[in-house]
Amino acid sequence: MNTAAETNAETNMALLRTAYQNLRNRDLDACVELLTENFIANLPGAPGPLHGREIWKQGTQTMLEGFPDLQITVEDMFGAGDKVAVRVHFRGTHQGTFQGVAATHRPVSFRSVELYRLEGDRIAEEWVAPDMITLMRQISPPPGP
């Protein structure tokens, strides 16, 4: 018999699976609808938390402009209470400028560990830790002689 906490965790994971499917389908508006109005993004290197749905949408659009064929594979997901943890594998081709690096048309592959906090039936907060070092190594020009 499922406890209320197990049922809540399953419901929260189902919401995250829907969010990632919307992202795979490039339906950013549907993704944004799954975020709370006062959504909080915690990103590596940011001086503090970023607030608002538009922050998430802008960051995602930037990634998709740089890697329009981005494939997203959820490798692991588990939930407890109001939190869901996800390990994601991203693959794509660098076809647009990203982080100041012009398109190289090189394939990329990198992973991210992401933690989400939910409020009711919406995503309220995220902590993401993409492996940007691996990504940037794959698109950076080779060192000079």
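Reading the values: the criteria
- Residues numbered from 1 in each chain as written.
- Predicted model: local features only at pLDDT ≥ 70, side-chain atom pairs only at ≥ 80, totals over all residues.
- Heavy atoms only, no water.
- Helix = DSSP H or I, 4+ residues; strand = E, 2+ residues; numbered from the N terminus.
- Buried < 20%, exposed > 50% of the residue type's maximum accessible area, 1.4 Å probe, protein only.
- Polar contact = N/O pair within 3.5 Å; in protein donor to acceptor, adjacent residues only side chain to side chain.
- 1 Å grid on protein atoms, 1.4 Å probe; cavity = no way out; pocket = protein on both sides within 12 Å on 5 of 7 lines; lining within 4 Å.
- Points joined across faces, edges and corners; volume = space filled by probe spheres on them.
- Nonpolar A, V, L, I, M, F, W, Y, C, P; charged D, E, K, R; others polar.
- Phe/Tyr/Trp six-rings, centres within 6.5 Å; stacked < 30°, edge-to-face > 60°.

**Focus on unusual backbone geometry**
The backbone of Arg 26 shows a phi angle near 65°, a positive value even though the residue is not glycine. Along the chain, Arg 26 falls in the loop between helix H1 (4-24) and helix H2 (28-33). Phi is positive for Gln 99, which is not a glycine, with a value near 50°. With relative accessibility at 56%, the residue Gln 99 sits in the exposed group.

**Regarding the side chain of Glu 125**
The residue Glu 125 is located in strand S6 (residues 122-130) in this model. At 2.9 Å, the side chain of Glu 125 forms a polar contact with the side chain of Asn 42.

**Some details on the layout of surface pockets**
Estimated volume of the largest pocket: approximately 750 Å³. Along its surface, the largest pocket is lined by 31 residues, and Gly 59, Thr 60, Met 63, Glu 126 and Val 128 are the ones closest to its centre. Among the secondary structure elements, those contributing two or more residues to the lining of the largest pocket are H1, strand S1 (35-42), helix H3 (53-66), strand S5 (107-119) and S6. Counting residues per element, the lining of the largest pocket draws most heavily on H3, which supplies seven residues. Considered class by class, the residues forming the lining of the largest pocket number 24 nonpolar, five polar and two charged.

**Regarding the packing of aromatic side chains**
Applying the stated criterion across every chain, the model contains three aromatic pairs. With centroids separated by 5.1 Å and ring planes inclined at 65°, the aromatic side chains of Phe 67 and Phe 98 adopt a geometry described as edge-to-face. You can see Phe 67 sitting in the loop between H3 and strand S3 (71-80) and its partner Phe 98 sitting in the loop between strand S4 (83-93) and S5, a full 31 residues away along the chain. Of the two residues examined, Phe 67 and Phe 98, each falls in the buried class. On the basis of an interplanar angle of 20° and a centroid distance of 5.1 Å, the ring pair of Phe 90 and Phe 110 is categorised as stacked. You can see Phe 90 sitting in strand S4 and its partner Phe 110 sitting in strand S5, a full 20 residues away along the chain. Taking the relative accessible area as the measure of exposure, Phe 90 reaches 10% and is therefore buried. Since its relative accessible area comes to 2%, Phe 110 is described here as buried.

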